[in-house]
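An overview of the molecular structure
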Amino acid sequence: MERVTTLAAEIRAPAATNRRMLAAGALIAFGLVDILIFGLFSHKGEASFALSLTGASVTVPTIHAPGYVVYILGAASIAIGIARAMPIRMSPGWRRLAIGLVLLFFVICLLIWSDTGSWTHGIPVNVVTLLQATLAGSIPLILGALAGCMGERAGVINIAIEGQLLLGAFMAAIVASTVGVVWLGLIGGSLAGGLVGLVLAAFAIRFFVDQIILGVVLNLLISGITGFLYDRLMQPNAQTYNSASTFSTLKIPGLGDIPIIGPIFFDSTIFLYITYVAIILVQIGLFSTRWGLRVRAVGEHPTAADTVGINVLGIRYRNLVLGGLLAGIGGAYLTIGSVGTFSKDMSSGLGYIALAAMIFGRWTPLGATAAALLFGFATALGNFLGTITVPISPALLAMAPYAATIVAVAGLVGRVRAPAADGRPYVRA
Amino acid sequence: MTSDPGNQPAGSEQGPIDTVTRSATATSGPPLRDRFRGSGRAVISAITQGSPTVVTILAIFSALVLGALVIAFSDTTVLHAWNSFFAAPGAAISATWDSVAAAYSALFEGAIFNPHTISAAFHGGSVGAIFYPLSQTSAQATPLILTGLAVALAFRAGLFNIGAASQWIGGAIVATYLGFAVSLPLVIHAIVCLIGGFAGGAVIGWLVGALKARTGAHEVIVTIMLNYIMYQVLNLVLGTPTALQLRGQANLISPNIDPNAQLPHVGGPPPQVGVGFLVALAAAAATWWLLERSTVGFEFRTVGANPSAARTAGMSVPRTWVLAMLLAGGLAGLSGAVAIQGTFYSLNFQSFGNYGFSGITVALLGRARPLGVVLAALLFGALQAGSTVMEAATSVPVDITEVLEGLIVLFVAAPPLIRAVYRLRRTEGAGLGGAAKGWNG
């Protein structure tokens, strides 16, 4: 094991200086795209951004941005890129801020470019709707990524998030349809996710199956079972098995009436509020409680944890099941939280994006949440640009989260390191 | 990650009885009867201790049993019969049996052979019709052999290639484009498309290997992400008339490839074997030679078994990773080319299928050996060929094959579970992949 780590270190070493130049180059490239594409190919006129929903009690005036703002933002991005190339030590916080700013500028330029064009017919871009869609779309991603964090912090790789979401969606739809109570659907979906977590734990811990293989196989199996039962039971008897009602939105009194913030954060289904609670609980739990310290000890050095009397396997089982319960809620959102009906393979890779978000967020709940929101925003933006028929392919935007993850694991945004014992079965010596 | 018994600790697969037998036969010529008894005991010990073959067979059997339960208890008539179980227990059991028997016999008739075609042949029917199911099976198995090899080859070098789907798309895009945009003579055109498909997949595979070698990016994460990126690339090129989209079409579909680029079928009257199947078998043979008989293959296996030892022995680990992923990607790309040139003739999201992920199960069931991959691909090909017939005859959805594939591989991956269920003697031992590795390893 010692040799393997030195080997990896030697391979990574020469990339250290290259990485700085590559990162700077990427930032400058974003600035150039801002100026050359969104600037030179833009249409005359100004873009407008609406900041409140139609019919809101308190309205915020619409912001107007003239086309030349694109050049200013592009120049700022290039300046940030040049600063990044300087051989000075930047703290990770500053580096992340640089990337965040450049990405934000890029998105603003993209929106200005699309709104000054003739595609929107002068209708302002509604920022509130866009962010609402972002948050709603991020719910399964965040809950899935939290499930990933729970498992991997305890040393078990969970690739079966995709399967947990899918089975959660399936069970939620079936239970809510047959019983007729959406809350039971939520519980059913959650339990289904937990069940997948339990199976994963049993095979990984008891039978030492390679966890990556296991996750992929479980996803395949769940895709097969749900697809089979959908065709055989749900579709022919859709009235009984696939006609769940959905949760209605729940506006939080007071907070929900704040302009801009209210409709985005406090006027949604119960799923969003569960997600808030889950993020806080997992973050505090993992990093500020005795339980979290034990979990992280099990994930980093199980032998040492065992020596001081921590039940290594027990913690792994419990974390995988708890994480599965969360991911199952995320799956339930897909059916009873939004569309109501189940369809084949409806998780469509969200579980893998959640996995990516967890890695992007460096195995921390808050980081994973931020990454999931970023991916959710890319999806929402893609859908929005699709509706106004901008002449750029939505496929390009849909690729963005995946490409960003490759860039992240390739170390261009700093080293990404998994818990040391992640993926290794524990056998007491 | 490799499951080569040569890399496992000595005696891990042979039980004590086996060792005794061997030493007995080694001492100058024991009586013939004893030798027979010895080999008989070896067979028995293989069964009772669960050799890989026995575990695989039991895994398939267990999956079929569980699959039967899924089929029966999702059948509404069976469920109704069970509701009145205490009134008529016989009816419930016979309804269950009927449901399962109808499904599995239709599956068998669609995959292996249909007894009716034999009696029909005696009464003036076509003899070729007897072999029709088998030719369907071979056609279904063809892309699976190649994606299975793509996963298996990388496995042996210690890499888990989840990206066969992306490499498949890369190969299919290049092969399709060369198929309709270029005009070449008969045989040459098909070969150029096959080579193009290999290259298209190899580029994607190379990218994965190069990223791992240069930056340490884990190949599992990169391949998962590339799967989705290539899916969107396919979306993009099929939606762009200047790239692959059929002119004047709003649908995402490419033009048909030139007849010269299509892979013909060989061997007698209608039920024939596609040339693609032969290409896949040749690729399997080449992979076997590469892995077992060449220096490069030895390096692959050494790096897969122990990268540190390989490095100490003077092998370049990063170079091996790049080369292994390049070849693996090429094999998956070849699968895309063969599927387009031999079966679909045009690229769209229907032909995209599920070959990449099935390739993983094929490689796992075949224990990452070329021969095993071919056999596993034939089994899954048979399941897929049979399931379409089964769906037509009994309306059991084709998705049951995915359930069976998943269950089989799950059980194969966990020999201790199979040993425990069937009371086989040994209760320990590594399953697939040997020692599990994490993101850091």
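All values derive from a computational prediction rather than experimental measurement.

Glancing now at the overall build of chain B. Helix and strand counts for chain B stand at 19 helices and 2 strands. By residue count, 51% of the 441 residues in chain B fall in the buried class. Pairs at least 24 apart in sequence give 74% of the contacts found in chain B among residues at least 6 apart.

Looking now at the interface of chain B and chain A. Facing the 56 residues of chain B at the interface are 51 residues of chain A. Secondary-structure elements contributing two or more residues to the side of chain B that touches chain A are helix H9 (186-215), helix H10 (219-238), helix H13 (307-312), helix H14 (317-344), helix H16 (355-365), helix H18 (400-413) and helix H19 (415-421) of chain B. No other element matches H10(B), which puts 10 residues into the side of chain B that touches chain A.

Right, let's talk about the sheet that holds strand S1 (residues 46-50) of chain A for a bit. All names here are of chain A. The sheet built from 3 strands is open, its strands ordered S2-S1-S3 with mixed pairing. Both outer strands of the open sheet, strand S2 (63-66) and strand S3 (125-126), are each paired with one neighbouring strand and no more. Direction of pairing for S1 relative to S2: antiparallel, over a ladder of 4 bridges. Residue pairing in the sheet places Glu-46 in a bridge with Pro-66 of S2.

What follows is about the packing of helix H3 (residues 69-85) of chain A against helix H4 (residues 92-116) of chain A. Residues and elements named next belong to chain A. Viewed as axis vectors pointing N to C, H3 and H4 meet at an angle of 160°, and their least axial separation amounts to 9 Å. Considering the angle they form, H3 stands roughly antiparallel to H4. Crossing geometry of H3 relative to H4 is assigned as left-handed. Every residue of H4 that contacts H3 at Val-69, Val-70, Leu-73, Gly-74, Ala-76, Ser-77, Ile-80 and Arg-84 is listed here: Ala-98, Leu-101, Val-102, Phe-105, Ile-108, Cys-109, Ile-112 and Trp-113. Of the residues that constitute the contact of H3 with H4, the class distribution is 13 nonpolar, 2 polar and 1 charged.

As a further point, take the domain arrangement of chain A. Considered domain by domain, chain A is made up of domain 1 (16-123) and domain 2 (130-409). Spacing between the C-alpha centres of domain 1 of chain A and domain 2 of chain A amounts to 30 Å.

Here is a general trend for soluble globular proteins: nonpolar side chains tend to be buried in one another's company. Core analysis: the biggest nonpolar cluster contains 243 residues, and Leu146(A), Ala357(A), Ala154(B) and Ala324(B) have the highest contact counts within it. Residues Phe30(A), Ala47(A), Cys109(A) and Val125(A) belong to the second largest nonpolar core, which totals 17 residues.

So, on to helix H5 (residues 89-111) of chain B. Residues spaced three or four apart along an α-helix face the same direction, because each turn holds 3.6 residues. Residue and element names in this part refer to chain B. Between its first and last C-alpha atoms H5 spans 33 Å; for 23 residues at 1.5 Å apiece the expected length is 33 Å, and the two agree. Along H5, the residues classified as buried are Thr-96, Ser-99, Val-100, Ala-103, Ala-106, Leu-107, Gly-110 and Ala-111. Residues of H5 that are buried sit in contact with helix H3 (52-72), helix H4 (76-83), helix H7 (132-156) and helix H17 (370-394).

Between the first and last C-alpha of H10(B) there are 27 Å, a value that for 20 residues agrees with the 28 Å anticipated at 1.5 Å per step. Across the 20 residues of H10(B), 18 count as buried, placing the element largely inside the fold.

What follows concerns the environment of Ala133(A). Residues and elements named next belong to chain A. Inspection of the secondary structure assignment puts Ala-133 in helix H5 (residues 127-153). Linking Ala-133 and Asn-383, residues 250 residues apart in sequence, is a C-alpha distance of 9.4 Å. The residues contacting Ala-133, other than those within four sequence positions of it, are Ala-380 and Asn-383.

To characterise two packed helices, one gives the angle between the axes of the helices and the distance between these axes. Residues and elements named next belong to chain A. For the pair H5 and helix H15 (residues 350-360), interaxial distance at closest approach is 8 Å and the crossing angle is 60°. Judged on the interaxial angle alone, H15 and H5 are oblique. Crossing geometry of H5 relative to H15 is assigned as right-handed. Contact with H5, carried on its side by Pro-140, Leu-141, Gly-144, Ala-145, Gly-148 and Cys-149, involves Leu-350, Gly-351, Ile-353, Ala-354, Leu-355, Ala-357 and Met-358 of H15 and no other residues of that element. In terms of residue class, the contact of H5 with H15 is made up of 10 nonpolar, 3 polar and no charged.

Parameters at a glance
- Residues numbered from 1 in each chain as written.
- Chains lettered and ligands numbered in written order.
- Predicted model: local features only at pLDDT ≥ 70, side-chain atom pairs only at ≥ 80, totals over all residues.
- Helix = DSSP H or I, 4+ residues; strand = E, 2+ residues; numbered from the N terminus.
- Buried ≥ 20, exposed ≤ 12 C-beta atoms within 10 Å, placed from the backbone.
- Contact = placed C-beta atoms within 7 Å.
- Pairing = 2+ DSSP bridges.
- Axes fitted to C-alpha atoms, helices over the stretch in contact; angles between N-to-C directions.
- Parallel < 35°, antiparallel > 145°, perpendicular 65-115°, else oblique.
- Left-handed = near helix turned anticlockwise from the far one by under 90°.
- Nonpolar A, V, L, I, M, F, W, Y, C, P; charged D, E, K, R; others polar.
- Domains from an automatic or database assignment.
- Core = buried A, V, L, I, M, F, W, Y, C linked by C-beta atoms within 7 Å.
- Expected span 1.5 Å × (residues − 1).

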